Amino acid sequence: MKKFDAVIVAACLLYLAISVSCYVILRRQGTEEHMGYRVEINRIMQGLEKEGGFSKPDLRGMNEIKDVQFLPIENRSKQEVQSFYQNHNGLNTAVLPLFVQEQLLGYVRFDYVSEAEECSVLWLAEGILFAAWLLVIAVLWYVRQSILKPFHVISEMPYELSKGNLQSEPEESKSRYFGKFVWGIAMLRDNLDASKRRELKLEKEKKLLLLSISHDTKIPLSAIKLYAKALQEEVYGTREEELHAVAQIANHAQQIEEFVKEVMSTASEDILAIEVADSEFYLKDYMDKVRKYYEPKCKLVMTELTIGRFENKLLRGDIDRALEAMGNLMENAFKYGDGRKIDIHFYEEDYCQVIEVFNTGTVVPEEEMPHLLDSFYRGSNADGKEGNGLGLYIDRQIMRKMGGDIYAKRAEDGMRFGLVFPIF
């Protein structure tokens with residue numbers, strides 16, 4: 001805002017400087033009363049009187065006199081007289097009698113340009129300059145008040161959100177120039193607020209889970225230790241009693257194992273609480289967004305990106321979540337591929353639209369394929385690469401909640417991943 005205010009002040013100072021310069025010029029010309037043409041007329045008349053008659057004067061040294069004509073006193077036609085007194089070429093005219101030895105020889109007409117006309121042009125220019133300055137100042141002030149000032153107010157929101165202040169609401173200006181931006185900030189605030197509440201809830205559940213684990217495993221662990229100690233000290237006198245103790249140990253161990261599986265399943269579901277909107281979108285709109293984001297990125301890393309031809313179909317699902325699913329596949333292609341090529345192909349199968357992403361690179365071993373879409377699973381080709389093994393698992397959850405699916409296939413020189421969308 002301060003820099004823009006400086007621009008407004010600079011525009012005012014520039015106009016003021018130009019206006020003062022024009023005023024000084026106009027004032028100087030006004031004090032001279034614009035009588036230069038009279039001096040030149042007197043000089044010419046004195047020369048004609050000395051010569052004792054009229055001869056065409058030399059006007060090369062004259063600044064304002066442009067032409068001199070003579071009308072003798074002898075009888076002239078009415079037409080000649082009218083022509084003599086008419087204005088020529090829009091110039092100013094002055095007619096003086098020519099006397100020689102007190103005898104009137106005729107009349108001399110002087111056509112001249114007055115500096116007063118130049119002065120009027122300067123006044124006109126000054127008026128135009130003033131109108132232009134008012135227009136510029138009005139536009140700059142409108143931009144300041146209607147665009148920059150409201151944006152300056154809402155630009156504080158990301159900073160407040162970064163500090164964890166989720167209570168303030170973004171206010172939209174009357175002009176609504178930033179409607180989509182304000183809506184996006186409001187959505188971000190709501191999502192951060194929901195994430196914060198969910199984080200607090202998970203933290204509480206985590207503590208309860210730890211207490212539950214300690215309580216629910218304490219009894220079977222105590223029983224296992226008791227039976228194991230009895231077997232170690234050979235308390236049981238018969239083989240049947242020993243086998244019974246072993247069966248009890250196995251039974252309690254099974255209880256602990258089932259409890260651990262349930263805890264892991266619940267923890268995974270809590271971490272990936274994915275919400276999907278029940279809506280629809282066009283395939284072209286979807287691919288336009290994919291192309292807009294990933295074509296520049298592929299050019300930057302020098303990876304060949306090929307997008308095949310497709311028909312513009314109406315697909316069922318959440319376009320934002322679908323873009324997230326495609327984003328995970330593309331990022332995996334960048335991360336685990338060799339950077340040579342990424343191909344996106346389209347085909348229809350069983351009333352579903354399939355979008356298949358192929359990337360060249362290391363092929364995942366056959367024995368790892370069944371686990372590739374599991375949560376927290378990372379293949380052998382992930383060594384030394386950042387990640388948590390959730391990308392493909394998230395994609396599967398997204399696609400299934402939209403009524404679709406995802407698959408992975410091994411290729412000769414890379415991997416293929418397909419997103420299956422139901423056609424609306």
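Our structure is the block above this text.
Reading guide: rules and limits
Residue positions within a chain follow its written sequence, with the count starting from 1. Per-residue local features of the predicted model are confined to residues with pLDDT of at least 70, and side-chain atom pairs are confined, for both listing and counting, to 80 or more; whole-chain, interface and lining totals are unaffected and use all residues. The side-chain quantities take in all heavy atoms of the structure and omit both hydrogens and water. Helix and strand assignments follow DSSP, with helices taken as H or I runs no shorter than four residues and strands as E runs no shorter than two, numbered in order from the N terminus. Remark: exposure states derive from per-residue accessible area (1.4 Å probe, protein chains only) relative to the maximum for the residue type, with buried under 20%, exposed over 50%, and partly exposed in between. Any two residues whose heavy atoms approach within 4.5 Å are treated as being in contact. Under the convention used here, a 1.4 Å probe and the Shrake-Rupley method define accessible areas, while residue burial counts only the protein chains that appear. When DSSP finds at least two bridges between two strands, those strands are taken to pair. Angular values range over 0 to 180 degrees, each being the angle between N-to-C directions of two axes fitted as lines to C-alpha atoms, with helices fitted over their stretch in contact. Any Lys or Arg side-chain nitrogen located within 4 Å of an Asp or Glu carboxyl oxygen qualifies as a salt bridge. Think of a nonpolar core as a cluster: buried Ala, Val, Leu, Ile, Met, Phe, Trp, Tyr and Cys residues, connected wherever their side-chain atoms sit within 4.5 Å. Expected helix span is computed as 1.5 Å times (number of residues minus one). In this context, the arc is that of the directions from the helix axis out to the C-beta atoms. An angle below 35 degrees is treated as roughly parallel, one above 145 as roughly antiparallel, one from 65 to 115 as roughly perpendicular, and anything else as oblique. Put simply, a crossing is left-handed when the front helix is turned counterclockwise from the back one by less than a right angle, and right-handed when it is turned clockwise. Throughout this entry, Asp, Glu, Lys and Arg are counted as charged residues, while Ala, Val, Leu, Ile, Met, Phe, Trp, Tyr, Cys and Pro are counted as nonpolar. The remaining residues, Gly among them, count as polar.

Observations regarding the overall build of the protein chain
Turning to step 1, where the next piece is worked out: The helix and strand inventory of the protein chain stands at eleven helices and ten strands.
Turning to step 2, where the next piece is worked out: Burial analysis of the protein chain (424 residues in total) assigns 32% to the buried set.
Turning to step 3, where the next piece is worked out: Counting only contacts in the protein chain whose residues sit at least 6 apart along the sequence, the fraction spanning at least 24 positions is 66%.
Turning to step 4, where the next piece is worked out: Only carbon and sulfur atoms are counted for the fraction: they give 56% of the accessible area of the protein chain, which is about 27700 Å².

Some remarks on the pairing of strand E8 (residues 352–361)
Turning to step 1, where the next piece is worked out: Counting buried residues in E8 gives ten out of ten residues, a clear majority hidden from the surface.
Turning to step 2, where the next piece is worked out: Taken together, the nine bridges between strand E7 (residues 337–349) and E8 define a ladder with antiparallel strand orientation. Considered in E8, the bridge of Asp 343 is made with Phe 358.
Turning to step 3, where the next piece is worked out: In this structure, E8 lies alongside strand E10 (residues 414–422), joined through nine bridges in antiparallel fashion. If you follow Ile 355 over to E10, its bridge partner there is Leu 419.

Considerations on the sheet that holds strand E9 (residues 405–410)
Turning to step 1, where the next piece is worked out: Taken together, five strands build an open sheet; the order of strands is E5-E7-E8-E10-E9 and the sheet is mixed. In this open sheet, the two strands that pair with only one neighbour each are strand E5 (304–307) and E9. Going from strand to strand, the sheet's axes swing by 15 degrees on average, the running direction of each strand aside.
Turning to step 2, where the next piece is worked out: Of the strands in this sheet, E5, E7, E8 and E10 touch helix H9 (residues 283–300), which is tilted by about 170 degrees from E5.
Turning to step 3, where the next piece is worked out: Where helix H11 (residues 391–401) meets the sheet, its contacts fall on E9 and E10, and the angle it forms with E9 comes to roughly 140 degrees.

Quick word on the pairing of E10
Both faces of the sheet carry side chains from a regular strand, because those side chains alternate between them.
Turning to step 1, where the next piece is worked out: With eight of nine residues buried, E10 is to be regarded as a mostly interior element.
Turning to step 2, where the next piece is worked out: Here six bridges tie E9 to E10, and the two strands are oriented antiparallel to one another. Its bridge partner lying in E10, Lys 409 is registered against Arg 416.

Comments concerning the pattern of salt bridges
Turning to step 1, where the next piece is worked out: The full count for this structure, using the stated rule, is 16 salt bridges.
Turning to step 2, where the next piece is worked out: Put simply, Arg 291 and Glu 295 hold a salt bridge, and the shortest N to O gap is 3.3 Å. Taken together, the residues Arg 291 and Glu 295, both in helix H9 and four residues apart, mark about one turn of the helix.
Turning to step 3, where the next piece is worked out: Taking the relative accessible area as the measure of exposure, Arg 291 reaches 30% and is therefore partly exposed.
Turning to step 4, where the next piece is worked out: The partner of Arg 321 in a salt bridge is Glu 324, with the nearest N and O atoms 2.6 Å apart. You can see Arg 321 and its partner Glu 324 sitting in helix H10 (residues 319–336), three residues apart, about one turn around the helix.
Turning to step 5, where the next piece is worked out: For Arg 321, a relative accessible area of 21% gives the class partly exposed.

Considerations on the nonpolar core
Turning to step 1, where the next piece is worked out: With 36 residues, the main nonpolar core has Tyr 286, Met 287, Met 326, Ile 344, Ile 355, Leu 419 and Phe 421 as its most contacted residues.
Turning to step 2, where the next piece is worked out: Elements with a minimum of two residues in this core: H9, H10, E7, E8, H11 and E10.
Turning to step 3, where the next piece is worked out: Among the elements that make up this core, the one with the highest residue count is H10 (six residues).
Turning to step 4, where the next piece is worked out: The contacts of Phe 421, once residues within four sequence positions are left out, are Phe 281, Tyr 286, Leu 315, Arg 316, Ala 322, Cys 352, Gln 353, Ile 355, Met 399 and Met 402.
Turning to step 5, where the next piece is worked out: In this structure, Met 45, Leu 48, Val 68 and Leu 98 belong to the second largest nonpolar core, which totals 13 residues.

Remarks on helix H2 (residues 36–51)
Turning to step 1, where the next piece is worked out: For H2, with 16 residues, the first-to-last C-alpha span of 23 Å sits near the 22 Å given by 1.5 Å per residue.
Turning to step 2, where the next piece is worked out: For H2, every residue scored as buried is listed here: Tyr 37, Glu 40, Ile 41, Ile 44, Met 45 and Leu 48. The buried residues of H2 occupy an angular sector of 135 degrees when projected down its axis, which confines them to one face.
Turning to step 3, where the next piece is worked out: After H2 finishes, the residue Gly 52 shows a positive phi value of roughly 80 degrees.

Some details on the packing of H9 against H10
Turning to step 1, where the next piece is worked out: One way to put it is that H9 packs onto H10 with a least axis distance of 11 Å and a crossing angle of 25 degrees. Judged by the inter-axis angle, H9 sits roughly parallel to H10. The way H9 lies across H10 gives a crossing that is right-handed. Each of Tyr 286, Lys 289, Val 290, Tyr 294, Lys 297 and Cys 298 in H9 lies in contact with H10, whose residues at this interface are Ile 319, Ala 322, Leu 323, Met 326, Gly 327, Met 330, Glu 331 and Phe 334.

What to know about the sheet that holds strand E3 (residues 103–112)
Adjacent strands of a sheet form backbone hydrogen bonds with each other and so pair up, either parallel or antiparallel.
Turning to step 1, where the next piece is worked out: What the three strands build is an open sheet, ordered E1-E3-E2; its pairing is antiparallel. Edge positions in the open sheet fall to strand E1 (65–72) and strand E2 (92–100), since each of these has one partner strand only. Averaged over neighbouring strand pairs, the angle between their axes works out to 25 degrees when direction is ignored.
Turning to step 2, where the next piece is worked out: Pairing geometry for E1 and E3, over seven bridges, is antiparallel. By the bridge assignment for E3, Asp 67 is matched with Asp 111.
Turning to step 3, where the next piece is worked out: On top of the sheet, H2 reaches E1, E2 and E3; it is set at about 25 degrees to E2, its chief contact.

Looking at the packing of H10 against H11
Turning to step 1, where the next piece is worked out: Between H10 and H11, the least distance of the axes is 9 Å, while the angle of their chain directions is 155 degrees. When the axes of H10 and H11 are compared, the pair comes out roughly antiparallel. Judged by the sense of rotation from one axis to the other, the crossing of H10 with H11 is left-handed. Along its contact with H10, which presents Arg 321, Glu 324, Ala 325, Asn 328, Leu 329 and Asn 332, the element H11 presents Gly 391, Leu 392, Ile 394, Asp 395, Ile 398 and Met 399.
Turning to step 2, where the next piece is worked out: Split by residue class, the contact of H10 with H11 holds six nonpolar, three polar and three charged.

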